[in-house]
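Fold and contact review
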Amino acid sequence: MPVLESRVAAQSESFQNNRAALLALVDQLRALEKRTRDKSAAAQTRFEQRGQLLPRERLGRLLDAGAPFLELSTLAGYGLDKPDPAQSIPGGGMVAGIGWVGGARVIVVVDDAGIDAGAVQPMGIEKFQRAERIALDQKLPFIHLVESAGANLLNYKVETFIHGGSNFYWLARLSAAGIPVISVVHGSSTAGGAYMPGLSDYVVMVRNRAHAFLAGPPLLKAATGEIATAEELGGAEMHAATSGLAEYLAEDDADALRIARELVAALGWNRDLPVPPETRHAVPEPRFAAEELLGIAPADSRKPIDMREVIARIVDNSSFLEFKPDYGPATLTGHAAICGIGVGILSNNGPLDPAGATKAVHFIQACCQSGTALVFLQNTTGFIVGKASEQAGMIKHGSKMIQALANATVPRVTVHCGASFGAGNYGMSGRGFAPDFCFAWPNAKTAVMGAEQAAGTMATVMAEGMRRKGQPIDQAAIDAMRAKVIETFERQADAFAVSARLLDDGVIDPRDTRKVLACALSVCYEARHRVLRPIQFGVARP
């Protein structure tokens with residue numbers, strides 16, 4: 001397979017400027033993630049006094065030592081929980097990710113009871129349900145480390161209550177699909193939260209700490225006048241011996257996590273899987289350093305780059321067999337491998353034009369024919385506009401591309417590497433087209449169009465409206481409107497703002513792109529080869 005060459009000048013001013021800008025964004029990302037970890041860790045004294053492990057300590061005890069863990073949606077809810085971004089705690093009140101437990105790949109959700117006692121947050125609900133969908137689509141056991149104060153009644157919203165019900169719907173669907181659901185209850189699981197263990201196939205509860213009840217002592221007394229202790233209503237010993245809600249009674253957090261690990265190992269979840277591609281032979285690393293991606297990615301999304309330079313730094317041996325290189329050259333397509341897994345790559349060296357869209361359709365369908373996973377490296381200003389492209393059938397050919405994409409039968413993983421504007425976001429497998437996984441670099445920009453284009457369009461409309469009404473052109477008003485539109489678009493196009501709304505699976509350091517893609521592709525590979533044993537309904541408790 002041909003090896004890509006590189007023309008990157010690492011000492012150039014533009015490279016160094018790009019690198020500095022992207023490093024600053026990566027530092028900002030890590031600072032936000034650290035803010036969340038620090039907020040949770042601040043509760044350490046309280047947890048120690050109760051004989052408990054902190055949420056992330058629980059996660060560490062659960063996961064296989066030394067195995068990779070891909071944390072998802074670390075910016076969930078950023079800027080949405082509090083009006084001041086400097087006070088915002090991203091993450092949605094939980095930790096979610098894909099890791100290894102007992103030798104099996106699983107998805108784990110950890111209630112972060114160190115932050116607001118684990119109270120449910122709106123974007124936390126979105127994050128939880130995204131984890132459930134990944135578990136269902138990728139056939140991964142779903143493990144939930146439970147300790148939550150439930151809904152924050154001071155910030156009650158009816159939509160949170162209604163939408164939150166889907167948490168339980170997807171748990172039932174997972175069990176019925178033949179995917180194990182495991183709950184480890186470390187603390188409170190109250191009201192609707194009680195259905196978390198109730199809808200799990202296996203439940204581990206910690207003695208004297210775990211509680212599950214539909215109405216806790218205060219609500220019970222207010223509603224019925226009955227007085228009962230928390231242990232009588234829903235303590236771990238009661239559920240293990242009397243109600244039958246718990247299968248396993250643990251002495252403390254560490255013991256509960258030991259039981260969970262042994263349980264997953266006992267399931268034999270990998271017994272039907274073939275040997276994964278990445279372990280069949282030695283995998284050659286790219287010939288060019290991932291560190292250089294920092295200087296390749298443009299600080300200004302309006303500036304084009306040759307995406308071959310990105311591909312050369314993420315694929316095995318920097319080898320890339322380009323497909324139809326001379327036809328629709330602004331749309332880049334070709335075959336490569338990432339950590340031993342064969343992929344078809346689609347990317348952009350310019351807007352999507354009729355020839356490029358036609359080529360993409362051909363390539364997508366050919367990859368479906370061969371069962372080759374698709375990787376989309378987005379960097380597009382959208383579908384090209386103008387008289388020539390309209391007459392050449394841009395709408396028709398763009399629609400064919402979207403048809404092929406929406407009905408593709410192979411795994412799809414998307415990375416937003418730069419611009420993602422207009423219908424180009426759709427045609428290049430944006431979130432709305434349900435890729436198996438979707439990640440973004442910190443410099444990525446996503447919007448219906450660029451901020452300047454949006455402002456220019458609205459300025460023209462505003463000026464024309466003044467002329468129709470016979471009014472003098474108020475340039476000051478137009479300029480003020482332009483500034484407002486630009487600010488609105490740029491604020492929402494920002495990668496952190498997009499990820500805060502769960503419109504991707506997380507912002508990643510560009511240098512980690514190969515590792516993240518390898519993990520996602522490996523998950524997809526396993527899912528396509530795993531045999532499930534679905535049942536008509538979820539597993540029912542006695």
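**Some words on the packing of helix α4 (residues 122-138) against helix α6 (residues 166-176)**
- Two numbers describe how α4 lies on α6: the axes approach to 10 Å, and their chain directions differ by 15°. As the angle between them shows, α4 and α6 are arranged roughly parallel. Judged by the sense of rotation from one axis to the other, the crossing of α4 with α6 is left-handed. On the side of α4, the interface is formed by Ile125, Phe128, Gln129, Glu132, Arg133, Ala135 and Leu136, while α6 contributes Ser166, Asn167, Trp170, Leu171, Arg173 and Leu174.
- Of the residues that constitute the contact of α4 with α6, the class distribution is seven nonpolar, three polar and three charged.

**Some remarks on the pattern of salt bridges**
- Within this structure, the stated rule accounts for 32 salt bridges.
- The partner of Arg308 in a salt bridge is Asp306, and the shortest N-O contact between them spans 3.1 Å.
- Here Asp316 makes a salt bridge to Arg514, at a shortest N to O gap of 2.8 Å. Of this pair, Asp316 sits in the loop between α13 (308-311) and β9 (321-322) while Arg514 sits in helix α21 (residues 513-529), placing them 198 residues apart in sequence.

**Focus: the packing of aromatic side chains**
- Taken as a whole, this structure holds six aromatic pairs when the rule is applied.
- Taken together, a centroid distance of 5.5 Å and an interplanar angle of 80° make the contact between Phe128 and Phe142 edge-to-face. In this pair, Phe128 is assigned in helix α4 and Phe142 in strand β4 (residues 142-148), connecting sequence segments 14 residues apart.
- A relative accessible area of 0% means that Phe142 is categorised as buried.
- Between Phe323 and Phe363 the ring centres are 5.2 Å apart and the planes differ by 45°, which places this aromatic pair in the tilted class. With Phe323 in the loop between β9 and β10 (331-338) and Phe363 in helix α14 (residues 354-370), the pair connects residues that are 40 residues apart, well separated along the chain.
- For Phe323, a relative accessible area of 18% corresponds to the buried category.
- We classify Phe363 as buried; its relative accessible area is 0%.
- Its guanidinium or amino end placed over the ring of Phe47, Arg50 lies 4.7 Å from that ring's centre, counting from NZ or CZ.
- If you follow Lys324 out to its NZ or CZ, it ends over the ring of Tyr327, 5.3 Å from the centre.

**Some thoughts on the nonpolar core**
- Counting residues in hydrophobic clusters, the biggest one holds 60 residues, and the most contacted among them are Ile107, Phe142, Ile345, Leu377 and Phe437.
- If we skip the residues at most four places from it in the chain, Phe437 touches Ile98, Arg130, Ile134, Gln138, Arg412, Val413, Thr414, Asp505, Ala520, Val523 and Cys524.
- Leu62, Leu145, Ala260 and Trp269 belong to the second largest nonpolar core, which has 25 residues in total.

Rules behind the numbers
Residues numbered from 1 in each chain as written. Predicted model: local features only at pLDDT ≥ 70, side-chain atom pairs only at ≥ 80, totals over all residues. Heavy atoms only, no water. Axes fitted to C-alpha atoms, helices over the stretch in contact; angles between N-to-C directions. Helix = DSSP H or I, 4+ residues; strand = E, 2+ residues; numbered from the N terminus. Parallel < 35°, antiparallel > 145°, perpendicular 65-115°, else oblique. Left-handed = near helix turned anticlockwise from the far one by under 90°. Contact = heavy atoms within 4.5 Å. Nonpolar A, V, L, I, M, F, W, Y, C, P; charged D, E, K, R; others polar. Salt bridge = Lys/Arg side-chain N within 4 Å of Asp/Glu carboxyl O. Phe/Tyr/Trp six-rings, centres within 6.5 Å; stacked < 30°, edge-to-face > 60°. Buried < 20%, exposed > 50% of the residue type's maximum accessible area, 1.4 Å probe, protein only. Lys NZ or Arg CZ within 6 Å of the ring centre and 35° of its normal. Core = buried A, V, L, I, M, F, W, Y, C linked by side-chain atoms within 4.5 Å.

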